[in-house]
Structures are given as C-alpha cells and as structure tokens.
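Per-entry structural report
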Amino acid sequence: MPLVFPRTRPRTPARASRAAGVLAAVCVVVLSAGAVVGVREGRAPGLLPERSWGPWTDGGIEGWSTHVRVNRWGDAAEADIHFGKAEDLTLHAYGKTVSATSMMEPTVFTLTPDGRLTARRLPAP
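Predicted model, so just to flag it, every value in this text is computed and none were measured.

Right, let's talk about the overall build of the chain for a bit. Across its full length, the chain carries one helix and seven strands. Ordered by position from the N terminus, the helices and strands of the chain form the series α-β-β-β-β-β-β-β. Residues classed as buried in the chain amount to 27% of the 125 residues present. Within the chain, counting contacts between residues at least 6 apart in sequence, those at least 24 apart form 26% of the total.

On to the sheet that holds strand β6 (residues 107-111). Within a sheet, adjacent strands bond to each other through the backbone by hydrogen bonds, running parallel or antiparallel. As summarised here, the arrangement of the three strands in space is β5-β6-β7, forming an open sheet in which the pairing is antiparallel. Across the chains shown, the open sheet's two edge strands, defined by having one partner strand only, are β5 (98-101) and β7 (117-121). When the angles between neighbouring strand axes are averaged without regard to direction, this sheet yields 20°. Where β5 lies against β6, four bridges are found, and the strand directions are antiparallel.

With that settled, consider the nonpolar core. Counting 13 residues, the largest nonpolar core has I81, L91, F109, L111 and L117 as the members making the most contacts within it. At the level of elements, β2 (64-70), β3 (76-83), β4 (87-94), β5 and β6 are the ones that each hand at least two residues to this core.

Time to look at the pairing of strand β1 (residues 57-61). Pairing geometry for β1 and β2, over five bridges, is antiparallel. Among the inter-strand pairings, G59 is bridged to a residue of β2, identified as T66. Following β1, the chain reverses through two residues before pairing antiparallel with β2; E62 in that reversal takes a positive phi of roughly 55°.

For the rest of this paragraph, the subject is the packing of aromatic side chains. The geometry of an aromatic ring pair is captured by two quantities: the separation of the ring centres and the angle between the planes. A full pass over the atoms with the stated rule returns three aromatic pairs. The interplanar angle of 75° and the centroid separation of 5.1 Å between the aromatic rings of W64 and F109 together place this pair among those described as edge-to-face. Taken together, the residues span a long stretch of sequence, with W64 in strand β2 and F109 in strand β6 at a distance of 45 residues. Overall, the relative accessible area of 2% leaves W64 in the buried class. With a relative accessible area of 0%, F109 lands in the buried category. Through a chain of ring-to-ring contacts, the aromatic side chains of W64, F83 and F109 assemble into a single cluster.

Summed over all chains, the structure comprises three salt bridges. Put simply, R69 and E50 hold a salt bridge, and the shortest N to O gap is 2.6 Å. Taken as a pair, R69 in strand β2 and E50 in the loop between α1 (13-40) and β1 lie far apart in primary sequence, 19 residues in all. A relative accessible area of 56% means that E50 is categorised as exposed.

Basis of the calculations
- Residues numbered from 1 in each chain as written.
- Predicted model: local features only at pLDDT ≥ 70, side-chain atom pairs only at ≥ 80, totals over all residues.
- Heavy atoms only, no water.
- Helix = DSSP H or I, 4+ residues; strand = E, 2+ residues; numbered from the N terminus.
- Buried < 20%, exposed > 50% of the residue type's maximum accessible area, 1.4 Å probe, protein only.
- Contact = heavy atoms within 4.5 Å.
- Pairing = 2+ DSSP bridges.
- Axes fitted to C-alpha atoms, helices over the stretch in contact; angles between N-to-C directions.
- Core = buried A, V, L, I, M, F, W, Y, C linked by side-chain atoms within 4.5 Å.
- Phe/Tyr/Trp six-rings, centres within 6.5 Å; stacked < 30°, edge-to-face > 60°.
- Salt bridge = Lys/Arg side-chain N within 4 Å of Asp/Glu carboxyl O.

Okay, here's the thing in structure tokens:
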C-alpha cells in the first residue's frame, strides 16, 4: 500500500515569493548586524568610511614627528610616524593595541585603538 501524504494547503507562486522575501529580509538584517559589530569593534577597517575618521593631530615624540587620527564610529586609530626623510612607520590599531620598532633609531612605538601613541627607546647595542 503506497503512502499518501495529503497537502494541507496548495503551494502558490505568491506564497513562495513571500517566503523568499522574508528569507531575504532576514539575511539583510543578519548581515547588517554583523557589519555593525565588526565596525564597532574595529575588526573591519575596510568598512570604515573616510568621513568617520577624525582629523589628523600632529605632534612629536622622541624626536619623531607623529600624525594620529581616531575613528569616531569604531574602536580604531591610525598613526603615521616619521624621522625626517630617513624612516616612516605606519600603525593601524583596529580593535587591538599594535606596536612597531624603528630600524634607524631603536624605538618601540605603541598605538592603542583610542589613539594614544607611546614610544620607548631601546638601549643601544
């Protein structure tokens, strides 16, 4: 005896397109939430538009000229550090603290996502 499964409602094209629309709306909401979380935590630097960055602030530290900017939307900061024309360093603190060591002058630079730049001179070899 064959199994017979009665349909409770006939499938119509309108019902199928409505289900596809709901599925698309759920996907958009989930992807948007993921993008917002990524930007807020500084993990998606490519998603941070240029207008979300604050102005570059100029300064100096340990004889180096520094330029730092902080993102207003997320947990991110960028720094350009120059020792005349001899050496350039770029730091990107997207959600976590980063460090870089200069080659000419033995100095370790540390940038936090809130834009705080520090330098520590290493002892000469």
